[in-house]
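Descriptive analysis of the structure
Given next are the chains, with one letter for each unit.
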Amino acid sequence: MKVDLLNALGLVLAIGAATLGAGVRLPSTEVAVVRATESAAEPVEQLPDGTRALRDARGVLVPLRPYQRIASGTLIADRVLADLCEPDRIVAFTRYAQKTPSAHRYTGKPALGARDDVERVLALKPELIFVNDLIDASYVARLHDHGVLVFDLGPMRGVSTLLPNIRAIGLLLGAPERAARYADQLQERLRNVAWEQAGLVQPRALYLSIYGDKLFGAAAETSYHDVLAYAGLRDAAAMAGLRGWPELSAERVLGLDPDVLITRVGMAPLICRHPGLDQLRTCRGEGRVVELDGALLDDPGPALLEAAEALHRMYWRR
């Protein structure tokens, strides 16, 4: 039986994209102080035998042990493990990680595909696998039957879940202080991306992608929203009350009327040729269109800092 180990990532890719949206204190959004969320709840608890454990997003207590064989089944864990964990403890990253701008971090390790058999995963002899929230329960059960622990990091909703995820991974690595510093530094660097624009009028921006004849946006509770906000832009979709990755009609896009259209490299001409969108101000040359590397945009982990920096550079320093 094949099960999608990267199902959360699959959801993102299916609509062209991986969080409660947050941003610099330029609009009206700001990342909250790092706190426990439904992804990687804290504080540390105890099992009946006294073993310290951390409760994952499924409510399962995963023991805190000196795991020596750790696998990643999510882009978030890919980057965090690469940055925080000793290389000889990592047995695999995701296959998609090798297509990101940070691919050099993952060389020399096996890659887990989106639909690998359980048997292939077991052949790597992992003790612990990090995943995100949509993983199939029967898949997890089969791994448990073979002595593999699975830690579900929960939904990917941008910075508000990423920071607790980093701390949870650090606890399970036995490096909580290292992870706390890493999370704090990431948060600080995000807040500093657009500090020069503090007090300036911020344009309304919309992330938009097109697949076939369907338009998809990205709004609150996504890493895309955070990228826009930290780059010093206001998210038009989030301001309209939208969340996640909504499918949008041309009429709705025209109604959102963004000053800046954010999309993937090569996608802007397709969007502007979509029926009705030739009337969009950005398509008529009355606003800005910014195309970003799709692989960078799709990464819901710490690379969202690099995406925010790239967007800030392309918009504000043109």
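Just above, that's the structure.
All values reported here derive from a predicted model rather than from experimental measurement. (Residues numbered from 1 in each chain as written. Predicted model: local features only at pLDDT ≥ 70, side-chain atom pairs only at ≥ 80, totals over all residues. Heavy atoms only, no water.)

1. A word on the sheet that holds strand 1 (residues 45–46)
- Read from one edge of the open sheet, 3 strands run 1-2-3, paired in antiparallel fashion. The outermost strands of the open sheet, each flanked by one partner alone, are strand 1 and strand 3 (61–63). (Pairing = 2+ DSSP bridges. Helix = DSSP H or I, 4+ residues; strand = E, 2+ residues; numbered from the N terminus.)

2. Regarding the packing of helix 2 (residues 75–84) against helix 6 (residues 176–192)
- It is the contact of helix 2 with helix 6, at a shortest axis distance of 11 Å, that shows an interaxial angle of 120°. Considering only the axes of helix 2 and helix 6, their crossing is right-handed. Residues Arg79, Val80, Asp83 and Leu84 of helix 2 lie in contact with helix 6, whose contacting residues are Arg178, Ala179 and Tyr182.
- Looking at the contact of helix 2 with helix 6, its residues break down into 4 nonpolar, no polar and 3 charged. (Axes fitted to C-alpha atoms, helices over the stretch in contact; angles between N-to-C directions. Left-handed = near helix turned anticlockwise from the far one by under 90°. Contact = heavy atoms within 4.5 Å. Nonpolar A, V, L, I, M, F, W, Y, C, P; charged D, E, K, R; others polar.)

3. Quick look at the environment of Arg243
- One can find Arg243 in the loop between helix 8 (236–239) and strand 12 (247–248).
- Separated by 25 residues in the primary sequence, Arg243 and Ala218 place their C-alpha atoms 7.2 Å from one another.
- Apart from the residues lying within four places of it in its own chain, the contact partners of Arg243 are Ala219, Ala220 and Glu221.

4. Quick word on the state of the cysteines
- By the definition in use, this model includes 1 disulfide.
- At a sulfur-sulfur separation of 2.0 Å, the disulfide partner of Cys272 is Cys283. Taking the torsion about the S-S bond as the criterion, the Cys272 to Cys283 disulfide, at about -80°, is left-handed. Taken together, the residues Cys272 in helix 10 (residues 268–273) and Cys283 in the loop between helix 10 and strand 14 (288–292) connect sequence positions 11 residues apart. (Disulfide = S-S within 2.5 Å.)

5. Remarks on the sheet that holds strand 5 (residues 90–94)
- Reading across the sheet, the 5 strands line up as 6-5-4-7-8 and stay open at both edges, with parallel pairing between neighbours. The two strands at the open ends of the sheet, each matched to only one other strand, are strand 6 (111–112) and strand 8 (149–152).
- In this sheet, strand 7 (residues 128–131) lies alongside strand 4 (residues 70–72) in parallel orientation, the contact comprising 3 bridges. Its bridge partner lying in strand 7, Ala71 is registered against Ile129.
- Helix-sheet contacts for helix 2 involve strand 4, strand 5 and strand 7, and the interaxial angle to strand 5 is about 135°.
- Taken strand by strand, helix 5 (residues 159–173) contacts strand 4, strand 7 and strand 8, and its axis lies near 180° from that of strand 7.

6. Topic: the pairing of strand 2 (residues 52–55)
- Where strand 1 lies against strand 2, 2 bridges are found, and the strand directions are antiparallel. What sits directly across from Glu45, in strand 2, is Ala53.
- Turn length for the strand 1-strand 2 hairpin, with the two strands adjacent in sequence and antiparallel, is 5 residues, and the turn residue Gly50 shows positive phi of about 95°.
- With 3 bridges connecting them, strand 2 and strand 3 associate as antiparallel partners. If you follow Arg55 over to strand 3, its bridge partner there is Leu61.
- Connecting the antiparallel pair strand 2 and strand 3 is a turn made up of 5 residues, with Gly59 showing a positive phi of about 90°.

7. Observations regarding unusual backbone geometry
- Despite not being glycine, Lys125 has its phi angle at roughly 55°, a positive value.
- When you line up the elements, Lys125 lands in the loop between helix 3 (118–123) and strand 7.
- Positive phi is not limited to glycine here, since Glu221 has a value of about 70°.
- Looking at the element boundaries, Glu221 is found in the loop between strand 10 (214–218) and helix 7 (223–230).
- For Glu221, a relative accessible area of 17% puts it in the buried group. (Buried < 20%, exposed > 50% of the residue type's maximum accessible area, 1.4 Å probe, protein only.)

8. Points about the packing of aromatic side chains
- Taken as a whole, this structure holds 4 aromatic pairs when the rule is applied.
- For the pair Phe130 and Phe151, a centre-to-centre distance of 6.1 Å together with 70° between the ring planes defines the contact as edge-to-face. Placement of Phe130 in strand 7 and of Phe151 in strand 8 is noted, with a sequence separation of 21 residues between them. Each member of the pair, Phe130 together with Phe151, is buried.
- Centre to centre, the rings of Tyr315 and Trp316 are 5.0 Å apart; their planes meet at 85°, and the pair counts as edge-to-face.
- Residue classification places Tyr315 among the buried positions, given a relative accessible area of 10%. (Phe/Tyr/Trp six-rings, centres within 6.5 Å; stacked < 30°, edge-to-face > 60°.)

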